[in-house]
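# Examination of the molecular architecture
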Amino acid sequence: MIISFKLNNEAVTITTDPMRRLLDVLREDMKMKSVKESCGEGECGACTVMLGNKPVTSCLVNIAQVEGKEVLTAEAISETPIGKLLIDCFEETNAVQCGFCFTGFLVSCWHYLTTNPVDDVDAIKHAISGNICRCTGYVKIIEAMQLACRRINEGAIS
Amino acid sequence: MKSQRRKDAFAKLTGKCRFLDDYSPPETLHGYLVYTTIDRGWIRKINFPAGFDINEFTIVSESDIPGKNIVPEPVNDQPFMTGDIVEHFGQVVLGIAHPDKEILKNFISQVNIEYEKRDAVTDTKECLDNEKYQFGETMHLKHKSPNTMNFRHFLKWQQIFYTQHQEQAYLEPQGMLAEYDREIEEMKITGTMQCPFFVKTAVENILGTAVKNVVVETSEGIGGAFGGKEDFPNLLAGITALLAWKAKKPVKIVLDRKDDLLITTNRHPSRVDINAIVNTKTHQISKIDIDYRIDAGGFQTLSPVVLHRGILHATGVYNIAEVVIKGALHHSNTPSNGAFRGFGAPQAIFAIESYIDTLAQKLGISPLKLRENNILRKGDQFPSSQLVKEDHINDCLQRIAKISEYEQKLKDFTEYNKHNRTKKGIGIALGLHGGGYTGNGEKQLNSKVKITVENTGDVNIYVANVEMGQGAHTTLTQMVNSVLKLPAEKVNVIVPNTSKTPNSGPTVASRTIYIVGALLQKLAERIKFELGFIDLQKYIEENRESFPMTFEETFMPDPADAFDDKTNQGVAYHDFSLAACVVEISYEPDLYQIKLEKCWNVLDIGKVINDSIARGQVYGGVVQALGWAVSEDIYKKGYPRLSGFTDYTLPAALDIPEMTVEFIHTDSKVAKGLGEIPMNYPAPAVRNALLMATGITIDELPLTPEKIYAQVKRGKL
């Protein structure tokens, strides 16, 4: 099946089995290595990417479902103004540990910051509740997110 | 002061850091493991599916092993692959490789093994309650202080505590890449692991003289380990190497999450029976008998070392005049258990800290007061007769009591609970963890480190200790740079590789900063002394022709640290890290559910090198311990077993309490062990909070609604 979609702001067309997981197409065909496989059943969020305007676990999406849509991975998100600000906050708080889950967190957190960056611990916890991290206990991720919210609300992004 | 930023964060956030599955040399074959699916018995026949060209597959079984079919461990009893005897579920029978992942998966799913089953013991309690399942030697630890006891007023109380398996749940599954260079007969292993030199020995074992040389390098990123990548990588690397040797092509095995959950090592389940005598007037515990047992699983592997640490932590932070501890390994037909953060200590501390609260309840005094009366103080002795040099346990206790307002809340919550259906609880626990290998272990490891000073002004650190998320590689550079004082970006740890890196020992036992970091700092001091510089950068600029230079240092144990492995008397650990914790919960009686509200932690880890990295370790370890306390459980009894993370309740962001972490005595010269202690103490604090809130005594983890419900229905409050 021929499938066309936008990947990190560039049009792509591929011929592949429509039932292949978006995760596999991104990692194997598109070499988007930021997308990580950890649980393979949508529990952990390590393979989170933006599909249209929603974060999704790419292990649960078939490539056929991506036809005509836009996909953003951490490779592109890390280049955006809010992505850069978020990375700086993660670095400043030393929130990253093993880092395997963090490209997934980057996508979920970026979605929160680009839609409604409220400095509220509960709201942030909800926004990252689909991402599992085994190293950090989430405390510093939340700390980094609060810092990012404050900076955005103080006008750090014009 | 702001902490130095981690060196690895940017690459990890942007996806540039390569984890094992991101390595794909040309022509790499995908590998899979076929493992046993019964608990005990014999393999009678293996049937390969029809409809495939069998010649396209590389298949290895135990009969292909040119070297020894034994995974090197403290006890050499586990084979890489089994022939026809099945000791437990998840024993590897075959390694299979193929260029196409989908074809391989399809093939593997149709491989059929015919078995003849035998009776098996898979239930943890059945295994631990029966002495007939003991294997290996019983360990003993006895101590009697010269103080005379007043036995006129005493209470004798016995209680048995159980803990369950725990899955490390590192987010990056186990994975290994093997590349065989036929020209030079060298096997190169790249993998996600904690101990590159262990893996090297394992591959040398399985391949024997079939290859000339084995080189092991870790992947750039190691996606979490927590002990889970201490010994299983030995087995995985061995089989991956065997496949690559046979196929004459690179082979990569990355475990599916399901396989990772089912066949890799977990935390040992435990049964700890405590029987103590307490003076009802002085509230001092005068005698304690502890029977500490852990379920090793199918093979002993490294379990005796876990058992050893367990018995040496069994009396926790308490000073007890007469101590009798017995430690035993038990055998069950389940996958061998292995290393997991804490390594026998969390099980021991769960028991003793829970016991203390039950005792306080029996005596009708505050759990804080009972602790104050019994903690080890300066001049006291551990059961190994090791002298307590400082009063830091009390300092942790006093500080936690103050910042959590423990005594006030104990009163307030007791009053609140009289008038409200929803209950509030507060629980306290103390913990300790001995840094580095037990007893003579560090002496035997004989760790070596290397630093090179390049003519570019770069300083490269060569150690075998890996960066698996704990922040070690950033923190180690800070320790070296505290002496050399170069710009931070000039000092780096090189990715461990057994052909370039000296053996500074495994990345385990909270030893990386404590032992290896201290050794590096000593070496940095020597470099400074030998070169006689004040400003290294300037010195290099002026003497460029004399560089690069290489410096090495070997660990020297404190000559006063004698330990007798037979009697377990002497200095068990040169330094103990200490901690105190208070957990506040609410309890919903209609749902039988605990909600974790707040968690305070006070730790004495000595000198703190990087405050925010150290805090990250505490937060992460505490949440891992809270998961073990309230939700994480692997049902190994019968079928179906775990099929993925869906069946294993890991803490998510919404499950965590509000957390406070304080470090005390940070002016110390020594940076003590940190990695494991946060795992050791939170679970009993939760259990004690539930006891305080409801009177429900559950002595078995995890404290799930199902277990609380069962206890309430039994009327055993």
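Residues numbered from 1 in each chain as written. Chains lettered and ligands numbered in written order. Predicted model: local features only at pLDDT ≥ 70, side-chain atom pairs only at ≥ 80, totals over all residues.

Attention shifts here to the overall build of chain B. Along chain B, the regular secondary structure elements total 19 helices and 25 strands. Its C-alpha atoms give chain B a radius of gyration of 26 Å, near enough to 27 Å, the size a compact globule of 717 residues would have. The principal-axis extents of the C-alpha atoms in chain B amount to approximately 80 × 75 × 45 Å. The proportion of buried residues among the 717 residues of chain B is 56%. (Helix = DSSP H or I, 4+ residues; strand = E, 2+ residues; numbered from the N terminus. Rg over C-alpha atoms; globule rule 2.2 N^0.38 Å. Buried ≥ 20, exposed ≤ 12 C-beta atoms within 10 Å, placed from the backbone.)

A count of helices and strands for chain A gives 6 helices and 5 strands. Rg of the C-alpha trace for chain A: 15 Å, near the compact-globule value of 15 Å for 158 residues, within the 12% margin. Judged by the C-alpha coordinates and their principal axes, chain A covers about 45 × 35 × 25 Å. Put simply, chain A has 158 residues, and 56% of those count as buried. Across chain A, every contact between residues at least 6 apart in sequence was considered, and the portion connecting residues at least 24 apart equals 64%. (Contact = placed C-beta atoms within 7 Å.)

Turning our attention to the domain arrangement of chain B. It is common to give the size of an interface as the accessible area that goes away when the parts come together. Residue and element names in this part refer to chain B. Each domain of chain B was delimited in the assignment, giving domain 1 (24-119 + 168-263), domain 2 (270-438 + 568-713) and domain 3 (441-554). Taking only C-alpha atoms into account, the centre of domain 2 sits 35 Å from that of domain 3. Between domain 2 and domain 3, the residue contacts involve 18 residues of the former and 17 residues of the latter. Considering every element that reaches the side of domain 2 that touches domain 3, the biggest residue donor is helix α16 (residues 611-630), with 3 residues. (Domains from an automatic or database assignment.)

Further remarks concern helix α6 (residues 139-153) of chain A. Along its 15 residues, α6(A) runs 21 Å from first to last C-alpha, staying within 8% of the 21 Å computed at 1.5 Å per residue. All buried positions along α6(A) are accounted for by A:Val139, A:Lys140, A:Ile141, A:Ile142, A:Glu143, A:Ala144, A:Met145, A:Ala148 and A:Cys149. In the core, the buried residues of α6(A) are packed alongside α3 (81-92), α4 (102-115) and α5 (121-127) of chain A together with α16 and β25 (658-663) of chain B. (Expected span 1.5 Å × (residues − 1).)

Now for the sheet that holds strand β2 (residues 41-47) of chain B. The strands that make up a sheet are held in pairs by hydrogen bonds between backbone atoms, and each pair lies either parallel or antiparallel. All names here are of chain B. Pairing in this open sheet of 3 strands is antiparallel, and the strands run β4-β2-β6 from one edge to the other. A strand with exactly one partner marks an edge of an open sheet, and here the two such strands are β4 (85-86) and β6 (112-117). Where β2 lies against β4, 2 bridges are found, and the strand directions are antiparallel. Residue pairing in the sheet places Trp42 in a bridge with Ile85 of β4. (Pairing = 2+ DSSP bridges.)

Another point: the sheet that holds strand β19 (residues 491-493) of chain B. Residue and element names in this part refer to chain B. What the 4 strands build is an open sheet, ordered β19-β18-β17-β20; its pairing is mixed. At either margin of the open sheet sits one strand with a lone partner, and together these are β19 and β20 (549-554). In this sheet, neighbouring strand axes are inclined to one another by 20° on average, regardless of whether the strands run parallel or antiparallel. Bridging between strand β18 (residues 459-462) and β19 involves 3 bridges; their strand directions are parallel. The residue of β19 that forms the bridge with Ile461 is Val493. Lying on the sheet, helix α13 (residues 472-484) is in contact with β17 (448-453), β18 and β19; it crosses β19 at an angle near 145°. The sheet strands contacting helix α14 (residues 512-531) are β17, β18 and β20, and the helix crosses β17 at an angle near 40°. (Axes fitted to C-alpha atoms, helices over the stretch in contact; angles between N-to-C directions.)

Quick look at the environment of B:Ile290 now. Residues and elements named next belong to chain B. Its location among the elements puts Ile290 in strand β14 (residues 285-297). Residue Ile290 is classed as buried on the basis of its 25 C-beta neighbours within 10 Å. Placed 278 residues apart in sequence, Ile290 and Lys12 show a C-alpha to C-alpha distance of 46 Å. Non-local contacts of Ile290, meaning those with residues more than four positions away in its chain, are made with Val272, Ile274, Ala314 and Ile325.

On the chain A side, the residues contacting the 43 residues of chain B number 39 residues. Breaking the side of chain B that touches chain A down by element, the ones donating at least two residues are α1 (9-13) and α16 of chain B. The element that contributes the greatest number of residues to the side of chain B that touches chain A is α16(B), accounting for 7 residues. Of the residues assigned to the side of chain B that touches chain A, the class counts are 22 nonpolar, 13 polar and 8 charged. (Nonpolar A, V, L, I, M, F, W, Y, C, P; charged D, E, K, R; others polar.)

This part covers the domain arrangement of chain A. Residue and element names in this part refer to chain A. As far as domains go, chain A holds domain 1 (2-73) and domain 2 (78-153). Computed from C-alpha coordinates alone, the two centres of domain 1 and domain 2 are separated by 21 Å. It is strand β3 (residues 48-51) that contributes the most residues to the side of domain 1 that touches domain 2, 3 residues altogether. Considering only residue class, the side of domain 1 that touches domain 2 consists of 7 nonpolar, 4 polar and 2 charged.

This part is about the nonpolar core. Judged by nonpolar contacts, the single largest core of 266 residues is most densely connected at B:Met187, B:Ala241, B:Cys581, B:Val686 and B:Leu690. If sequence neighbours within four positions are ignored, B:Ala241 has contacts with B:Ala178, B:Met187, B:Ile189, B:Val203, B:Ile206 and B:Leu207. (Core = buried A, V, L, I, M, F, W, Y, C linked by C-beta atoms within 7 Å.)

Trans peptide bonds make up the majority, and among non-glycine residues the majority have a negative phi. Residues and elements named next belong to chain B. Residue Pro548 is bonded to the preceding Phe547 through a cis peptide linkage, with omega at 5°. Along the polypeptide, Pro548 turns up in the loop between α15 (536-542) and β20. At Ser385, a position not held by glycine, the phi torsion is positive, near 75°.

So, about the packing of α3(A) against α4(A). In a pair of packed helices, the angle between the axes and the distance between the axes together describe the arrangement. Residues and elements named next belong to chain A. Where α3 contacts α4, the axes come no closer than 10 Å and their chain directions differ by 120°. By the angle class used here, α3 and α4 are oblique. As α3 runs across α4, the sense of the crossing is right-handed. Across the interface between the two elements, Ile82, Gly83 and Leu86 from α3 touch Leu106, Cys109, Trp110, Leu113 and Thr114 from α4. Split into classes, the residues belonging to the contact of α3 with α4 amount to 6 nonpolar, 2 polar and no charged. (Parallel < 35°, antiparallel > 145°, perpendicular 65-115°, else oblique. Left-handed = near helix turned anticlockwise from the far one by under 90°.)

Among the 6 residues of strand β2 (residues 10-15) of chain A, 0 are classified as buried, and the element is accordingly described as predominantly exposed. Connecting strand β1 (residues 2-7) of chain A to the antiparallel partner β2(A) that follows it, the hairpin turn spans 2 residues, and A:Asn8 within it adopts a positive phi of roughly 45°.

All names here are of chain A. Their axes nearest at 9 Å, the elements α3 and α6 cross at an angle of 135°. As judged from the angle between their axes, α3 and α6 are oblique. Note that α3 runs across α6; the crossing there is right-handed. Across the interface between the two elements, Leu85, Leu86, Cys89, Phe90 and Glu92 from α3 touch Ala144, Leu147, Ala148, Arg151 and Ile152 from α6. Partitioned by chemical class, the residues of the contact of α3 with α6 number 8 nonpolar, no polar and 2 charged.

Let's shift gears to helix α4 (residues 196-207) of chain B. All names here are of chain B. Compared with an ideal rise of 1.5 Å per residue, which puts 12 residues at 16 Å, α4 spans 17 Å between its outermost C-alpha atoms and is within 8% of the ideal. Burial analysis of α4 places 10 of its 12 residues in the buried class, which makes it a mostly covered element. Buried within α4 are the following residues: Pro196, Phe198, Val199, Lys200, Ala202, Val203, Glu204, Asn205, Ile206 and Leu207. Elements that come into contact with the buried residues of α4 comprise β10 (186-191), β11 (213-218) and α5 (232-247).

A few words on the environment of B:Lys2. Tracing the backbone shows B:Lys2 in the segment before α1. Once the C-alpha coordinates of B:Lys2 and B:Ile85 are considered, the two residues, 83 residues apart in sequence, prove to be 58 Å apart.

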